[in-house]
Amino acid sequence: MIIDIHGHYTTAPAALNAYRGRQMALQNKPVKGTLSVTDEQIVASLAGHLDQMTSRGIDSLFFSPRASAMGHDVGDEVISRHWTEINNDLIARVAGLYPGRFVPVCQLPQSPGVPAERAVPELRRCVEELGFVGCLINPDVSGGLAPFTPSLGDRSWYPLWEAMVELDVPGMIHASSTRNPAMHLNGSHYIAQHYAAVVELCSSTVFEDFPGLRLIVPHGGGGIPFHFNRNRALHVAESLPPFEEVVRNLYFDTAVYDADSLEMLVRKIGVDNVLFGSEMFGTAKTRDAVSGRFFDDILGDVEAIGLSTEDREKLLYGNALKVFPRAAKHLSLVGVQA
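Scoring rules and cut-offs
- Residues numbered from 1 in each chain as written.
- Predicted model: local features only at pLDDT ≥ 70, side-chain atom pairs only at ≥ 80, totals over all residues.
- Heavy atoms only, no water.
- Helix = DSSP H or I, 4+ residues; strand = E, 2+ residues; numbered from the N terminus.
- Buried < 20%, exposed > 50% of the residue type's maximum accessible area, 1.4 Å probe, protein only.
- Contact = heavy atoms within 4.5 Å.
- Areas by Shrake-Rupley, 256 points an atom, 1.4 Å probe, with all protein chains shown as cover.
- Axes fitted to C-alpha atoms, helices over the stretch in contact; angles between N-to-C directions.
- Parallel < 35°, antiparallel > 145°, perpendicular 65-115°, else oblique.
- Left-handed = near helix turned anticlockwise from the far one by under 90°.
- Nonpolar A, V, L, I, M, F, W, Y, C, P; charged D, E, K, R; others polar.
- Pairing = 2+ DSSP bridges.
- Phe/Tyr/Trp six-rings, centres within 6.5 Å; stacked < 30°, edge-to-face > 60°.
- Lys NZ or Arg CZ within 6 Å of the ring centre and 35° of its normal.
- Polar contact = N/O pair within 3.5 Å; in protein donor to acceptor, adjacent residues only side chain to side chain.
- Core = buried A, V, L, I, M, F, W, Y, C linked by side-chain atoms within 4.5 Å.

**Q** Go over the overall build of the protein with me, naming the residues and quoting the values.
**A** Scanning the protein from N- to C-terminus turns up 14 helices and eight strands. Reported as C-alpha extents along the three principal axes, the dimensions of the protein are approximately 50 × 45 × 40 Å. Among the 338 residues that make up the protein, the fraction classed as buried is 51%. Counted over contacts in the protein with a minimum sequence separation of 6, partners at least 24 positions apart contribute 77%. As displayed, the protein has an accessible area near 14100 Å², and 53% of this comes from carbon and sulfur atoms.

Here you go:
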């Protein structure tokens, strides 16, 4: 059994981009409008995902809108809300067409300078009405420009953390686009934001104030295992709780794309805090000329690090069941029992 907790709708029908174009043209008089996409178009757009899931033995994919297109830095709060609702409704349709195979995860209607609590109604709608099991959280809402987004350790995020704990859903810390011309979107922006998220959360009192909060940082935390002792040293210097203890309040996925890095992640963080996630059809969708396989086909990396049977099962599906309790209803449709 394999549950992949990190997938995005990067292959959505072209009508979604057309909707966005119309929305941008009407920024001065925003209207929500409708998205015209047939079930047949959705099915065709997912053929590649389904083929790879079958060939790689992935039973269920936790599926969210395309992260780089969440577009929080574009337009105002109304535009962000409309765009978010359109994307989340589309993800709900995907989950409805493939029960249990695609498990819905929502984006939030974040906007620069807008309090995080204003995203809570959409989170509630997705979880309580549409059956979503988690959310994406952009830690850099304006894409690197002013107004700057508060640290994830800042109390301005607390209404969102409170709602997530109440709803019993986790969040994946996932940036969207960047306005900084010095930052490569996939190469440096995302990884830098993931690393910063770990540093900011671990040096805060967030997990003391919300012990039930579950947050996932993708791509191995953006290099955290490599700089583990740097952060331990900072925590000592600043009289903070030991980094090696507080970091285990967070969860990480396996989308690091090589066995050496994955082994270090599991060894330093602990297998109980690592979930299988590949972000197929994302940054690492190309083929490795050395191994001959696609970079995001990471099951071989998992097998190469020599886990026990128990730890392998935790990483491949057991931890996902623990971190995403609302997924149990969806996963039962593909034969997974929590």
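**Q** How would you explain the packing of helix H4 (residues 77-97) against helix H5 (residues 120-129) if you had to name every residue and give the values?
**A** Helices that pack against each other are described as a pair by the angle of their axes relative to one another and the distance between those axes. Where H4 meets H5, the closest approach of the two axes is 11 Å, and the angle between their N-to-C directions is 15 degrees. Classified by the angle between their axes, H4 and H5 sit roughly parallel to one another. Relative to H5, H4 is oriented so that their crossing is right-handed. Across the interface between the two elements, Thr84, Glu85, Asn88 and Asp89 of H4 pack against Glu122, Arg125 and Cys126 of H5. Its residues assigned to classes, the contact of H4 with H5 shows one nonpolar, two polar and four charged.

**Q** Could you give me a rundown of the sheet that holds strand S1 (residues 3-8), with the residues and numbers involved?
**A** The three strands are arranged S1-S2-S3 in an open sheet whose pairing can be described as parallel. Every interior strand has two partners, whereas the edge strands, S1 and strand S3 (102-104), have only one. Averaged over neighbouring strand pairs, the angle between their axes works out to 35 degrees when direction is ignored. As paired elements, S1 and strand S2 (residues 60-64) share four bridges and run parallel to each other. Residue pairing across strands places histidine 8 opposite serine 64, the latter belonging to S2. The strands touched by helix H3 (residues 47-56) are S1, S2 and S3; relative to S2, the strand with the most contacts, the crossing angle is about 150 degrees.

**Q** An account of the pairing of S2 is needed here, citing residue identities and associated values.
**A** Among the five residues in S2, five count as buried, and that is most of the element. Every second residue of S2 is oriented toward a common face, with Ser60, Phe62 and Ser64 on one face and Leu61 and Phe63 on the other, all of them buried. As paired strands, S2 and S3 are joined by three bridges and run parallel to one another. The residue of S3 that forms the bridge with leucine 61 is phenylalanine 102.

**Q** I'd love a proper account of the packing of aromatic side chains, names of residues and values included.
**A** Any aromatic ring pair is given by two values, namely how distant the centres are and how the planes are angled relative to each other. Taken as a whole, this structure holds eight aromatic pairs when the rule is applied. A ring pair is formed by tyrosine 9 and phenylalanine 63, whose centres lie 5.2 Å apart and whose planes are at 45 degrees; its orientation type is tilted. Remark: phenylalanine 63 occurs in strand S2 and tyrosine 9 occurs in the loop between S1 and helix H1 (14-25); sequence separation between them is 54 residues. By the ring-pair criterion, three or more aromatic residues cluster together here, those being Tyr9, Phe63, Tyr98 and Phe102. In this arrangement the basic side chain of arginine 287 is found over the ring face of phenylalanine 294, its NZ or CZ atom lying 4.2 Å from the centre.

**Q** Tell me about the side chain of asparagine 319, residues and numbers included.
**A** With respect to the secondary-structure elements, asparagine 319 resides in helix H13 (residues 309-323). A polar atom in the side chain of asparagine 319 sits 2.8 Å from the backbone oxygen of valine 271. In this structure asparagine 319 touches Val271, Asp272, Asn273, Val274, Leu275 and Lys314, once residues within four positions along its chain are discounted.

**Q** Talk me through the packing of H1 against H4; I want residue IDs and the actual numbers.
**A** For the pair H1 and H4, the least separation of the axes is 11 Å and the interaxial angle reads 165 degrees. Between H1 and H4, the angle is such that the two are roughly antiparallel. Judged by the sense of rotation from one axis to the other, the crossing of H1 with H4 is right-handed. Touching Leu16, Tyr19, Arg20, Gln23 and Met24 of H1 are Ile79, His82, Trp83, Ile86, Asn87 and Leu90, all from H4. Split into classes, the residues belonging to the contact of H1 with H4 amount to seven nonpolar, three polar and one charged.

**Q** Would you mind going over the nonpolar core in detail, with residue names and values included?
**A** Counting residues in hydrophobic clusters, the biggest one holds 78 residues, and the most contacted among them are Leu123, Ile137, Leu160, Trp161, Met164 and Leu215. Sequence-distant contacts of methionine 164, that is, excluding residues within four places in its chain, are made with Leu123, Cys135, Ile137, Val169, Pro170, Gly171, Leu213, Arg214 and Leu215. Core analysis: the next-biggest nonpolar cluster, separate from the first, contains 21 residues, Ala175, Tyr190, Leu275 and Val323 among them.

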